[in-house]
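Working through the structure, step by step
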Amino acid sequence: MNARTMMALAALSLSACSGDKEHDEGPICSEVAEACHEAAEQSGDPDAEACHDLAHEGDEDACDAQHDDCIALCDDLMATMTTTGS
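Quick summary incoming for the structure in this document. The structure displayed is predicted, hence computed values, not measured ones.

About the thresholds
- Residues numbered from 1 in each chain as written.
- Predicted model: local features only at pLDDT ≥ 70, side-chain atom pairs only at ≥ 80, totals over all residues.
- Heavy atoms only, no water.
- Disulfide = S-S within 2.5 Å.
- Helix = DSSP H or I, 4+ residues; strand = E, 2+ residues; numbered from the N terminus.
- Buried < 20%, exposed > 50% of the residue type's maximum accessible area, 1.4 Å probe, protein only.

Right, let's talk about the state of the cysteines for a bit. By the definition in use, this model includes three disulfides. Across the disulfide from C29 sits C63; the S-S distance is 2.1 Å. Classification of the bridge connecting C29 and C63 rests on its S-S torsion, roughly 105°, and on that basis the disulfide is right-handed. Within this pair, whereas C29 is found in helix α2 (residues 27-43), its partner C63 is found in helix α4 (residues 60-84), the two being separated by 34 residues in sequence. Pair check on accessibility: C29 and C63 agree, each one buried. Between the sulfur atoms of C36 and its disulfide partner C74 the distance amounts to 2.1 Å. Taking the torsion about the S-S bond as the criterion, the C36 to C74 disulfide, at about 105°, is right-handed. Of this pair, C36 sits in helix α2 while C74 is found in helix α4, placing the two residues 38 residues apart along the sequence. Here C36 matches C74 in class, with each residue buried. Disulfide partners in the chain, listed by the sequence order of the bonded cysteines, are 1-4, 2-6, 3-5.

Below, the structure written as structure tokens:
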């Protein structure tokens, strides 16, 4: 799949995701989804979008393996956007 297709799919998945909606993910995936939803939506960062998508797939083992990296990435993106006013 090419990068343009991946970005389009990520955008569609974000538009279908509501921050107020409960999802069926387990606790680890839910934490990643919560941390990365707004970061991915506001920044358009493909890695944040990948973390968000991973979380909504609901595979707790996969979320656990990527948890620390995803949380750090998304927290850093949000901090950067907050300090730069983006």
